[in-house]
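Remarks on the overall topology
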Amino acid sequence: MKKVSITSVGLLFLFVTTVFAADTFAPDKDHSQVTFTTQHLVISKVSGRFKEFDAVVAYDPKDISNSSLNGTIKTASLSTDNEKRDTHLKSPDFFDVQKYPEITFASKKTEKKGNEIWLTGDLTIRGVTKSISFPVTIVGPVKDPWGNSRLGVEASLKLNRQDFGVSWNSPLEGGGFVVGDEVVIKIDSELVQQVPKK
């Protein structure tokens with residue numbers, strides 16, 4: 001099995017088994033995660049994850065421009081394994097989960113650039129929509145022991161939370177702020193081909 005570097009949630013890979021044009025995939029949530037990391041007090045980092053998310057990926061290996069990804073994250077599923085911090089992150093100071101229950105991504109374009117594939121689309125957080133592109137690595141496809149076709153997807157992107165109105169902060173006496181503006185989001189997902197019901 002080989003890995004192929006991809007930029008944005010786009011797709012490029014070498015075959016291990018045959019996947020036909022425009023197949024649809026969805027996450028195996030027992031083998032998938034969406035995590036985030038940001039700076040804390042200038043000197044360290046805090047990481048968390050979203051426990052509830054979903055996606056629909058259309059993949060066409062013959063014509064990459066036919067591929068797409070649409071995903072949703074439930075903001076209330078956020079967890080940093082610290083109840084007090086999680087409550088603050090879910091409040092209007094940050095994600096305001098009561099008013100904005102979802103983060104969404106809708107792809108607009110998938111294209112090949114050299115040996116990479118870029119997926120460009122609209123990311124919406126707290127009702128603010130921005131166009132983004134980011135790198136992805138696709139592993140597979142492979143057949144699992146039950147005959148299902150699977151893809152592995154790895155992606156990492158950096159966002160400025162201020163661009164999406166996630167703006168709370170507090171200055172430090174020696175300079176800097178309690179929370180960093182840059183947030184690194186990582187996606188590690190195992191996708192299963194969706195077979196239409198007969």
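All of the points below concern the structure found in this document.

Cut-offs applied
- Residues numbered from 1 in each chain as written.
- Predicted model: local features only at pLDDT ≥ 70, side-chain atom pairs only at ≥ 80, totals over all residues.
- Heavy atoms only, no water.
- Helix = DSSP H or I, 4+ residues; strand = E, 2+ residues; numbered from the N terminus.
- Buried < 20%, exposed > 50% of the residue type's maximum accessible area, 1.4 Å probe, protein only.
- Contact = heavy atoms within 4.5 Å.
- Areas by Shrake-Rupley, 256 points an atom, 1.4 Å probe, with all protein chains shown as cover.
- Phe/Tyr/Trp six-rings, centres within 6.5 Å; stacked < 30°, edge-to-face > 60°.
- Core = buried A, V, L, I, M, F, W, Y, C linked by side-chain atoms within 4.5 Å.
- Pairing = 2+ DSSP bridges.

A few points about the overall build of the chain
Each helix and strand in the chain was counted, giving 1 helix and 13 strands. Listed N to C, the secondary structure of the chain is β-β-β-β-β-β-β-α-β-β-β-β-β-β in terms of helices and strands. Looking at the 198 residues of the chain, the share that counts as buried comes to 43%. In the chain, 63% of the contacts between residues at least 6 apart in sequence involve partners at least 24 apart. With an accessible surface of roughly 11000 Å², the chain has 52% of that area assigned to carbon and sulfur atoms.

Regarding the packing of aromatic side chains
Describing an aromatic ring pair means giving the distance of the ring centres and the angle of the ring planes. Throughout the structure, instances matching the rule amount to 3 aromatic pairs. Here phenylalanine 36 and phenylalanine 50 contribute two aromatic rings whose centre-to-centre distance is 5.4 Å and whose plane-to-plane angle is 45°, an arrangement assigned as tilted. In this pair, phenylalanine 36 is assigned in strand 3 (residues 33-40) and phenylalanine 50 in strand 4 (residues 44-50), connecting sequence segments 14 residues apart. In this structure, phenylalanine 36 and phenylalanine 50 share a single accessibility class: buried. Aromatic pair phenylalanine 105 and phenylalanine 134: ring centres 5.8 Å apart, planes at 70°, arrangement edge-to-face. With a gap of 29 residues between them, phenylalanine 105 in strand 8 (residues 102-113) and phenylalanine 134 in strand 10 (residues 128-134) connect regions that are remote in the sequence.

Let's talk about the nonpolar core
Ranked by internal contacts, the top residues of the largest apolar core, which has 35 residues, are Phe50, Phe95, Leu123 and Ile125. When residues of this core are assigned to their parent elements, the largest contribution, 5 residues, is made by strand 12 (residues 149-160). In this structure, isoleucine 125 is in contact with Phe95, Ile103, Leu159, Phe164 and Val166, ignoring residues within four places of it in sequence.

A look at the pairing of strand 13 (residues 179-193)
With 3 bridges joining them, strand 2 (residues 23-27) and strand 13 adopt antiparallel strand pairing. Counted as the bridge partner of alanine 26 is valine 192 from strand 13. Of the strand pairs in this sheet, strand 3 and strand 13 are connected by 7 bridges, and their pairing is antiparallel. Pairing of histidine 40 across the sheet is with valine 179, part of strand 13. Where strand 12 lies against strand 13, 11 bridges are found, and the strand directions are antiparallel. Bridge pairing in strand 13 places lysine 158 opposite valine 184.

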